[in-house]
Amino acid sequence: MTQYAYPRELRLLTPVDFQNVFNNPPVKAVSREFTMLAKPNDLAYPRLGVTISKKTAKRAVDRNKIKRIVRETYRLKQHKLSGFDIIVIAKPGVTKLDNHALSELLNYLWRKLSKRCVQYSSAS
RNA sequence: GGAGUCAGCCAAGACAAUCGCUGCUUGCGUAAGCAAGGGGAGGAAAGUCCGGGCUCCAUAGGGCAGAGUGCCAGGUAACGCCUGGGCGGCGUGAGCCGACGACUAGUGCAACAGAGAGCAGACCGCCGAUGGCCCGCUUGCGGGAACAGGUAAGGGUGAAAGGGUGCGGUAAGAGCGCACCGCGCAACUGGUAACAGUUUGUGGCACGGUAAACUCCACUCGGAGCAAGACCAAAUAGGGAUCCAUGGGGUGGCCCGCCUCGGAUCCGGGUAGGUUGCUUGAGGUUGCAGGCGACUGCAGUCCUAGACGAAUGAUUGUCCUCGACAGAACCCGGCUUAGCGGCUGACUCCGCCU
């Protein structure tokens, strides 16, 4: 029953981790509201980081909500993303979506990203 | 019943299931962990506008500068907050609002309009007593015009025109005189004080407005902030001490000499990172006592988020009145701003019934 857990190991924790992914990420998935960047990490599990600027979502409440939904969908999809560090960047416009639309969109992006990760792994 | 005033309380709608996050307690385990139980955003957590605690730095004492506050008294750790009182204003009222010290210390400012705006001012008007002019005559009187001049009653301008009303007075007027009202000053009385007074005396009586204008007066203020500060501490560069070795490399033909390079241990320093600060506090609550009240004292009782790329959530189902503003980041006391509603109590005005 622990397979959908979200412990600290599955997160990006330090500025170094973040910078590492931002530098030339080989795999991307993009929509109007989000950008996902991924990079292999030599681990048996994925790690996630979420970025939302104050410019994107003015209120702290909105930023928290988006982070929670991103994490929730990631938690349920994590097994298809093993071995990659991932950063999700929210872009202006996300605040217009409700919870349901956000989940739909994110699930679509996760599928896209995992497919590309698999392709990248087998190619190299 | 309607309209309203004040005070207090509640508020990510309620319930269930599943999957998660994070502290705490207990049990098991060497440990990593596992299991169970229980806790997990706000009234504004916000703006960061004031005031403190705490921490480090600075500091003999005093002054200047600068900043802030500004009716009085009290409360408080402190305040620009709160309470009570005074004064002024608004409201029929319950109540509400007010940077509300000083322009008889000095300096400055006042657009436009207006004749005149600060030891005022004659545009229209009124008068023309007095002096001059014209006419008449009884030669000192009558009449006339309005030149000098007088006049702040009336009109007009303005945010503001140098007390108001009435009577007297006068050529016309005028605090010029008087009465009442108002005002200034002093005394007295009440009040801790601000201040008040159907009190007494006195002055014919302006001393205009403006200090979020300079300024004056009184009082307050050292600086930086939890990324404060404390501790542990990889790596790397360099430093110190002790011991070991008496060596390697360069220069040179070689020796001396000169330059340069060690090994081990420890110390100091402190980057990444980690730990701490971190939640028990000027705390909540109950009772008693003091106080008009803010609040205070004593006794009992309770523990109520503590994260750090940053938890407090997601999905589904059912129901309803269909859910605002909004997310802790060291901690408190305030202020301000945002905002869908619900509940309770006290009071006021209007209408109706008895």
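Residues numbered from 1 in each chain as written. Chains lettered and ligands numbered in written order. Predicted model: local features only at pLDDT ≥ 70, side-chain atom pairs only at ≥ 80, totals over all residues. Heavy atoms only, no water.

**Describing the packing of aromatic side chains**
Here the structure, examined in full by the defined rule, presents two aromatic pairs. Measuring from ring centre to ring centre gives 5.8 Å for Y74 and W110, while their planes differ by 50°; the resulting arrangement is tilted. Remark: W110 occurs in helix α3 (residues 99-123) and Y74 occurs in helix α2 (residues 60-77); sequence separation between them is 36 residues. By the burial criterion, Y74 is buried, and W110 matches it. (Phe/Tyr/Trp six-rings, centres within 6.5 Å; stacked < 30°, edge-to-face > 60°. Helix = DSSP H or I, 4+ residues; strand = E, 2+ residues; numbered from the N terminus. Buried < 20%, exposed > 50% of the residue type's maximum accessible area, 1.4 Å probe, protein only.)

**A closer look at the pairing of strand β2 (residues 34-40)**
With six of seven residues buried, β2 lies mostly within the body of the structure. Bridge analysis of strand β1 (residues 27-30) against β2 gives four bridges, and the strand direction is antiparallel. In the strand pairing of β2, K28 is matched with L37. In sequence, β1 turns back onto β2 through a hairpin of three residues. (Pairing = 2+ DSSP bridges.)

**Topic: the pattern of salt bridges**
Considering all chains together, one arrives at three salt bridges under this definition. Here D85 and R47 are joined by a salt bridge, their closest N and O atoms 2.9 Å apart. With D85 in strand β4 (residues 84-90) and R47 in strand β3 (residues 47-51), this residue pair connects regions lying 38 residues apart in the sequence. Look at D85 and you get buried, because its relative accessible area is 2%. (Salt bridge = Lys/Arg side-chain N within 4 Å of Asp/Glu carboxyl O.)

**Description of the confidence of the model for chain A**
On average, chain A scores 81 in pLDDT, and the residues at 70 or more come to 93%. We note a pTM of 0.73 for the whole complex and an ipTM of 0.77 for its interfaces. (pLDDT = per-residue confidence, 0-100.)

**With respect to the side chain of T73**
Looking at the element boundaries, T73 is found in helix α2. In this structure the side chain of T73 is engaged in a polar contact, spanning 2.9 Å, whose partner is the backbone oxygen of V70. Those residues in contact with T73, other than ones at most four positions away along the chain, are S103, L106, N107 and W110. (Polar contact = N/O pair within 3.5 Å; in protein donor to acceptor, adjacent residues only side chain to side chain. Contact = heavy atoms within 4.5 Å.)

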